[in-house]
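Single-letter residue listing:
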Amino acid sequence: MNQEDYAPEDVPEDAYDAPDDAAATRRDAGEAESSRASRGWWDRNADEYQSEHGAFLGDDRFVWGPEGLDEAEAALLGPAADLKGKDVLEIGAGAAQCARWLAARGARPVALDLSHRQLQHALRIGGNVPLVEADAGALPFRDGSFDLAVSAYGAIPFVADPVNVMREVHRVLRPGGRWVFSVTHPIRWAFPDEPGPEGLSVSASYFDRTPYVEQDEQGRAVYVEHHRTIGDRVRDVVAGGFRLVDLVEPEWPAWNAQEWGGWSPLRGNLIPGTAIFVCERD
């Protein structure tokens, strides 16, 4: 997808209309259903997401999660000076904010997302980052194409087979490559997704891996999110061929007063909201 490809009038006016009366449930959802639901949900909600969170994310900022942990501070990819000349794949890139930050430091990023509408926002913001519309479970790149792979809340929470994604990332990385991804901290699944006091009481089993699904009146999934425990995530990383070198649980900073869905200063000061897995390919 190139810069000149972006034309809002190319998209039918009702293409991203949300289904009415989606009902929330917990049920199994396989790989194909999850992928289809994610593509549709992000296409429908990309405009609202970028409007609501765009100022926080910036146009060329690398933020790992709602806490506001910045890669410029965290250096989970290594020293910023060492990024120059590195080939980097961003998975679940959205509007490619992280990829632009990488490009500004001399890296050669590629921004990949399942959602066409999210990538249209990347084109709207601009820059020279190559954009690829594809599924994280079938990366359209040759073996050993990248030095680094990153994902800030992209793809991993929404796929039914995370090990397949890990293996795909492992395949496209060069030996010694680093893979860093952030997800909702698994402990949050035991609590209601509410930013206030009601979100501080355990309401479900942490060990219940049944996916969270929103479905339409015909029972078709329109949103799917998959739960894995911390142990599951570690085993997924290892099964994908990686070595886990760090697990970061960002604390909520004093400067951050925003609420973002179930993330808030109240909850963030008491329970972790994000888990960042730093992995290396031997």
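Structure: see above.
In this report, we go over the structure that sits alongside the text. Quick caveat, the model's predicted, so the values are computed rather than measured. (Residues numbered from 1 in each chain as written. Predicted model: local features only at pLDDT ≥ 70, side-chain atom pairs only at ≥ 80, totals over all residues. Heavy atoms only, no water.)

1. Some points on the packing of aromatic side chains
Consideration 1: For the structure on display, the rule yields 15 aromatic pairs.
Consideration 2: For the pair Trp42 and Tyr49, a centre-to-centre distance of 5.3 Å together with 85° between the ring planes defines the contact as edge-to-face.
Consideration 3: Through a chain of ring-to-ring contacts, the aromatic side chains of Trp41, Trp42, Tyr49, Phe56, Phe158, Tyr212, Tyr223 and Trp260 assemble into a single cluster.
Consideration 4: Just above the ring of Phe56 sits the side chain of Arg61; from NZ or CZ to the centre is 5.2 Å. (Phe/Tyr/Trp six-rings, centres within 6.5 Å; stacked < 30°, edge-to-face > 60°. Lys NZ or Arg CZ within 6 Å of the ring centre and 35° of its normal.)

2. Focus: unusual backbone geometry
Consideration 1: For Ala75, which is not glycine, the phi torsion reads 50° and is therefore positive.
Consideration 2: Position of Ala75 among the secondary structure elements: in the loop between helix H2 (71–74) and strand E2 (87–91).
Consideration 3: Within the chain, Ala96 stands out as a residue other than glycine whose phi angle is a positive 65°.
Consideration 4: Following the sequence through the fold, Ala96 ends up in the loop between E2 and helix H3 (97–104).
Consideration 5: Judged by relative accessible area, Ala96 falls into the buried class, the value being 1%. (Helix = DSSP H or I, 4+ residues; strand = E, 2+ residues; numbered from the N terminus. Buried < 20%, exposed > 50% of the residue type's maximum accessible area, 1.4 Å probe, protein only.)

3. Digging into helix H6 (residues 230–239)
Consideration 1: Within H6 the residues assigned to the buried category are Asp232, Arg233, Asp236 and Val237. Each buried residue of H6 sits inside an arc of 140° when the element is viewed along its axis, so together they form one side. Exposed residues lying more than 90 degrees from the buried face of H6 are Arg235 and Val238.
Consideration 2: Two residues or fewer past H6, Gly241 is found with a positive phi of approximately 100°. (Arc of directions from axis to C-beta.)

4. Details of the pattern of salt bridges
Where side chains of opposite charge bring their charged atoms close, a pairing between them can arise.
Consideration 1: Under the criterion given, the structure shown has 17 salt bridges.
Consideration 2: Between Glu280 and Arg178 there is a salt bridge; the shortest N-O distance is 2.5 Å. With Glu280 in strand E10 (residues 274–281) and Arg178 in strand E6 (residues 173–184), this pair connects stretches of sequence that are 102 residues apart.
Consideration 3: One network of salt bridges, with partners in common, ties together Asp87, Arg108, Asp147 and Arg174. (Salt bridge = Lys/Arg side-chain N within 4 Å of Asp/Glu carboxyl O.)

Geometric values such as these leave the question of function open.
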